[in-house]
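Summary of the model geometry
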Amino acid sequence: MRRFGRVEIAGGRRAFAELSADGRLALMSDAPWLGGAPTGEVIDAASARALAPVTPSKILCVGRNYRAHAKELGNEVPKEPLLFLKASSSLLDPDGAIELPPTDVSSRVDYEAEIALVVGKRARRVSREAAMDHVFGATLSFDVTARDLQKQDGQWTRAKGMDTFCPAGPHVVAGIEELGALTFTCSVNGEVRQRGDARDMIFAMDELVAYMSAFFTLEPGDLLLTGTPEGVGPLAAGDALEMTSPALGALRVRVAAGPR
Ligand code: ZN
């Protein structure tokens, strides 16, 4: 397995990098899915600030892709994937803060821990068989959702697309043998709230990628969120949110009251 991140280093310079087992970062000329190569500059990971590891042209997501989660919110299990977009401006760096909107805008903001795929090769109308050849790797993400706005608006642009509503990282991991067997947990203030297993998805990853590519050209670096298992719940200012997966590491963010 190989781990790729994006970092900010001294002077505000930003770069993609490959993380080595000894905690050093080999800076790269561009994103690995865009043909980036090592520049020869190697730095200590501790001397850099981790950024969200992708700069996607879009963030495509699927709703209600785990039976028990559809049920917990009183929804039917969909007959075909229920797609929606999150704004690319909703991305949040690891260790960043989810900003809760003012309570007169939303008084119920939920976490949803999700495995996210990162597109490696442009994909348009690819078959299910060829779909995963277009995936570079996977990372961890939260599909943060203003649940009250989701119900109120009927469509989900505000509810899921606000600034800071898509924490992602810490790394994009490539070379995982069985992406469809990834497991993960989500905890709030150290208490486990969600346990996910990609094998429980209603629409498997290859089916999702093929389906998404029928409507949207998937560009290298695009982020594809694959749905959340049961156990979603509200966040409050001061909460510490963490998603962990044996293969993908740990994504930690804080929750704070946003600006008025
Ligand atoms: Zn979701």
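Residues numbered from 1 in each chain as written. Predicted model: local features only at pLDDT ≥ 70, side-chain atom pairs only at ≥ 80, totals over all residues. Heavy atoms only, no water.

What follows deals with the overall build of the chain. What the chain contains, in helices and strands, is five helices and 20 strands. For the chain, whose C-alpha radius of gyration is 17 Å, the value lies close to the compact-globule estimate of 18 Å for 260 residues. For the chain, the spread of C-alpha atoms along the principal axes amounts to about 55 × 45 × 30 Å. For the chain, long-range pairs separated by at least 24 residues make up 71% of all intrachain contacts whose partners lie at least 6 apart in sequence. Split by element, the accessible area of the chain, about 11,500 Å² in all, is 49% carbon and sulfur. Within the chain, one finds 29 positive and 34 negative side-chain charges whose respective centroids are separated by 2 Å. (Helix = DSSP H or I, 4+ residues; strand = E, 2+ residues; numbered from the N terminus. Rg over C-alpha atoms; globule rule 2.2 N^0.38 Å. Contact = heavy atoms within 4.5 Å. Areas by Shrake-Rupley, 256 points an atom, 1.4 Å probe, with all protein chains shown as cover. Lys, Arg positive; Asp, Glu negative; His and termini not counted. Charge placed at Lys NZ, Arg CZ, Asp CG, Glu CD.)

The next thing to look at is the environment of Gly 36. You can see Gly 36 is positioned in the loop between strand 3 (24-28) and strand 4 (38-44). Gly 36 sits 84 residues away from Gly 120 along the chain, and the two C-alpha atoms are 12 Å apart. Ignoring any residue separated from it by four or fewer positions in sequence, one finds Gly 36 in contact with Met 28, Ser 29, Asp 30 and Ala 31.

Core analysis: the biggest nonpolar cluster contains 46 residues, and Phe 142 and Leu 241 have the highest contact counts within it. Put simply, the parts of the chain that give this core at least two residues each are strand 9 (97-100), strand 10 (109-111), strand 11 (113-119), strand 12 (135-142), strand 15 (183-188), helix 5 (205-213), strand 19 (240-245) and strand 20 (249-257). Residues Phe 16, Ile 59, Ala 116 and Cys 166 belong to the second largest nonpolar core, which totals 18 residues. (Core = buried A, V, L, I, M, F, W, Y, C linked by side-chain atoms within 4.5 Å. Buried < 20%, exposed > 50% of the residue type's maximum accessible area, 1.4 Å probe, protein only.)

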